[in-house]
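The residues making up each chain are set out below.
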Amino acid sequence: MKESRKKLLIQKIYTISSSLTKKELEDIQKSAYLKTELEIASRLDASIKAMEHEKFTPPPGLRNLVMRKILEPAYKIWHVLVVMFIIVISPVFLTWESEEYDGLLEQHLLITIFIYYGILITLLLLPLSYQIISKHRKKMEHIKDNFDEYLDSSIGKARNIFHK
Amino acid sequence: MKESIDFEELFTQTQSMIYNLGMRLFRRNEEDAMDFVQDVYLQAYRKIGTFQGKSKPSTWLYSLALNLGLGKIRKNKKNLLVENKNSQLDQYIAPEDDQPDKIVLDMLNKKDVKEKIEKALWELDEAYRLPMVLFFFEDMPYKEIARSLNIPEGTIKSNVYRGKIQLRNTLGSEVSL
């Protein structure tokens with residue numbers, strides 16, 4: 001047998017022996033050396049396939065890690081700080097800019113009311129938002145999908161009406 | 001029609017399967033496997049509303065996990081390049097006299113051969129090991145492995161060939177030690 005033929009057969013034996021043709025198998029059977037290589041390759045394949053697929057036990061803390069990641073709020077702390085800053089500071093700028101309030105109410109009183117309500121609302125909104133975002137994160141993620149579905153069904157209904 | 005899945009129950013049923021998939025894909029690195037598992041379940045939680053019920057929930061999750069894992073591996077493609085190009089272990093050297101190699105065949109008959117092969121498999125270059133893991137454990141054909149890893153099919157076949165030759169030669173060298 002030519003060297004190039006032998007080399008090709010060896011490559012096929014060790015790559016995908018199931019693709020060997022009848023002629024190639026006949027050639028292999030004629031050579032004790034190739035027969036042995038085919039057996040070696042088959043036994044290697046069988047040993048690898050027989051390896052246990054699930055031999056590792058997940059660590060005990062895995063569930064908590066996964067759930068913590070899933071229930072992590074969608075916002076970061078800096079988002080909250082920026083929102084608070086806007087809520088608290090913007091009334092100050094509004095009242096400074098606006099001349100309409102002059103004479104109607106004491107400037108300091110108005111600013112104090114704004115800041116007070118700003119902080120109060122923020123403190124109420126924070127736990128509420130956390131609850132909504134972490135518990136209903138799945139629903140919020142699918143707002144886009146739900147909206148697309150709504151659009152598709154509306155278009156479908158409109159089409160049906162039009163064709164009637 | 002979309003089917004609903006109990007996420008907690010899905011997690012309980014599949015955590016071992018996904019964790020072991022992570023260990024296989026990421027070379028038994030526990031940290032990488034844990035990161036992988038968290039990412040899988042996070043993505044599953046986000047996409048749970050898209051489950052159509054055409055397959056079992058565990059099958060759906062497994063497919064999602066495998067795609068995610070292969071995506072991560074694809075990003076770090078340099079791992080799939082052969083590191084030790086000058087190694088002789090992955091070269092097949094035909095005997096001059098064409099005599100069958102009884103030594104390696106005898107090694108395969110020994111009781112502890114499975115442990116030796118397993119150890120050698122995990123020590124292979126990533127470029128050889130990964131296509132073999134995908135082929136043997138995930139039942140992926142070479143064409144699909146090539147598409148998933150964005151590597152030519154010929155390269156995949158060549159790497160599997162060299163990986164098996166390296167395993168073969170490792171068994172042969174065990175005798176001479």
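Residues numbered from 1 in each chain as written. Chains lettered and ligands numbered in written order. Predicted model: local features only at pLDDT ≥ 70, side-chain atom pairs only at ≥ 80, totals over all residues. Heavy atoms only, no water.

A. Up close: the confidence of the model for chain A. For chain A, the average pLDDT comes to 75, and 68% of its residues sit at 70 or higher. Mean pLDDT in chain A bottoms out at helix α7 (residues 137-141) of chain A, which sits at 53, and peaks at helix α2 (residues 22-30) of chain A, which reaches 91. (pLDDT = per-residue confidence, 0-100. Helix = DSSP H or I, 4+ residues; strand = E, 2+ residues; numbered from the N terminus.)

B. The arrangement of the side chain of R129(B) in detail. Residue and element names in this part refer to chain B. Within the secondary structure, R129 is located in helix α6 (residues 126-136). By relative accessible area, R129 is classed as buried at 0%. Within the local environment of R129, its side chain forms a polar contact with the side chain of E126, the two groups lying 3.0 Å apart. Beyond its immediate sequence surroundings of up to four residues, R129 is in contact with R24, L25, F26, R27, L121, W122 and L124. (Buried < 20%, exposed > 50% of the residue type's maximum accessible area, 1.4 Å probe, protein only. Polar contact = N/O pair within 3.5 Å; in protein donor to acceptor, adjacent residues only side chain to side chain. Contact = heavy atoms within 4.5 Å.)

C. Region of the structure containing unusual backbone geometry. All names here are of chain B. Backbone geometry places D139, a non-glycine residue, at a positive phi of 50°. Locating D139 in the fold gives a position in the loop between α6 and α7 (142-149). Note on D139: relative accessible area 64%, which makes it exposed. Positive phi is not limited to glycine here, since N150 has a value of about 60°. One can find N150 in the loop between α7 and α8 (153-176).

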